[in-house]
Amino acid sequence: MMKIENKNIFFEKLGKNHPIPFELLLLADPSIDLVTEYLKQSELFVATLNNELLGVIVLFPLTAETIEIKNIAVKAEFQGQGIGSFLINNAAKVASNNKIKSMCIGTANSSIAQLYLYQKLGFEISELKKDFFEANYKEPIYENGIQAKHMLTLIKQL
Ligand code: ACO
């Protein structure tokens, strides 16, 4: 794991001329078709250090008052150092400044670390989409030795 010495990490909107970081986005969501589809209506923010992109978060307007984090990913060598939390907390600030009342995120029953992280950051489980992953993804997905079958939606009031 690459240790971050310099704490000058910035949260910013991805520059218009910057190529879409598909490698990172596919870490969080292996369906290029779904990613391409929700990117059309989303805003993409990044965490950068000395102009290097460390992580990405995709915000999709679900309703006038709720945004959904459709995708969040941190480069493998920078994971576990607080960048995911930094992305979520900054996204919450931006949304709240824009009068958004709540933020939701969906993850699989098998995503143990993510379920831990999101609940630690104030999200609460609100919905279960049964068999979502089996119905929407061509290949079966396994994490932590568990098949990703169902989508859990978690919501945080801002
Ligand atoms: N079990 C329990 N806790 C774990 C595990 C694990 N296997 N792995 C890490 N953690 C903990 C860490 O210890 C840390 O907790 P702490 O703050 O109490 O020490 C926490 O989880 C991780 O927090 P951060 O460092 O802020 O998060 P990170 O920078 O690693 O980003 C992220 C989290 C985005 C999930 C990153 O790991 C990642 O990119 N994973 C691959 C892509 C992915 O799965 N994205 C989410 C898919 S869902 C969606 O996109 C809507």
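Not measured: the values here are computed from a predicted model.

Trainee: I would appreciate a short explanation of the overall build of the chain in the present structure.
Mentor: When its secondary structure is counted, the chain shows 5 helices and 9 strands. When the helices and strands of the chain are listed from N to C terminus, the series reads β-α-α-β-β-β-α-β-α-β-α-β-β-β. A compact globule built from 158 residues should have a C-alpha radius of gyration of about 15 Å, and the chain, at 15 Å, falls within 12% of that. The C-alpha extent of the chain, read off along each of the three principal axes, is 40 × 35 × 30 Å. Looking at the 158 residues of the chain, the share that counts as buried comes to 44%. Taking the intrachain contacts of the chain between residues at least 6 apart in sequence as the baseline, contacts between residues at least 24 apart amount to 63%. By element, 52% of the accessible surface of the chain is carried by carbon and sulfur atoms, the whole surface being about 9300 Å². Averaging the positions of the 16 positive and the 17 negative side-chain charges in the chain gives two centres separated by 6 Å.

Trainee: When you look at the environment of G106 in this model, what are you seeing that I'm missing?
Mentor: You can see G106 is positioned in strand β5 (residues 102-108). The spacing of G106 and K70 is 36 residues in sequence and 7.4 Å in space, taken between C-alpha atoms. Residues contacting G106, with those up to four places away along its chain left out, are I69, M151, L152 and T153.

Trainee: Looking at this structure, I do not really get the site of the ligand. What am I missing?
Mentor: Residues in contact with the ligand amount to 24 residues; listed here are only the nearest, G82, S85, Q114, Y116 and K120. I83 places a polar main-chain atom, nitrogen or oxygen, 3.4 Å from an oxygen atom of the ligand. Between S85 and the ligand, the recorded distance is 2.5 Å, taken from a side-chain N or O atom to an oxygen atom. Against a free-state accessible area of 1000 Å², the protein chains account for coverage of 70% of the ligand. For the shell around the ligand, the secondary structure elements donating two or more residues are α1 (22-28), β4 (66-74), α3 (83-97), β5 and α4 (112-120). Residues that form the shell around the ligand fall into these classes: 12 nonpolar, 10 polar and 2 charged.

Trainee: When you look at the pattern of salt bridges in this model, what are you seeing that I'm missing?
Mentor: Close approach of charged atoms allows side chains of opposite charge to pair. Summed over the entire model, instances satisfying the criterion amount to 5 salt bridges. We note a salt bridge from E43 to K13, for which the minimum N-O separation is 2.7 Å. Of this pair, E43 sits in strand β2 (residues 43-49) while K13 sits in strand β1 (residues 9-13), and the two are 30 residues apart along the sequence. In this structure, E68 and K70 form a salt bridge, with 3.5 Å as the shortest nitrogen-oxygen distance. By relative accessible area, which is 13% here, E68 ends up buried. Since its relative accessible area comes to 29%, K70 is described here as partly exposed.

Rules of the game
Residues numbered from 1 in each chain as written. Predicted model: local features only at pLDDT ≥ 70, side-chain atom pairs only at ≥ 80, totals over all residues. Heavy atoms only, no water. Helix = DSSP H or I, 4+ residues; strand = E, 2+ residues; numbered from the N terminus. Rg over C-alpha atoms; globule rule 2.2 N^0.38 Å. Buried < 20%, exposed > 50% of the residue type's maximum accessible area, 1.4 Å probe, protein only. Contact = heavy atoms within 4.5 Å. Areas by Shrake-Rupley, 256 points an atom, 1.4 Å probe, with all protein chains shown as cover. Lys, Arg positive; Asp, Glu negative; His and termini not counted. Charge placed at Lys NZ, Arg CZ, Asp CG, Glu CD. Near = heavy atom within 4 Å. Polar contact = N/O pair within 3.5 Å; in protein donor to acceptor, adjacent residues only side chain to side chain. Nonpolar A, V, L, I, M, F, W, Y, C, P; charged D, E, K, R; others polar. Salt bridge = Lys/Arg side-chain N within 4 Å of Asp/Glu carboxyl O.

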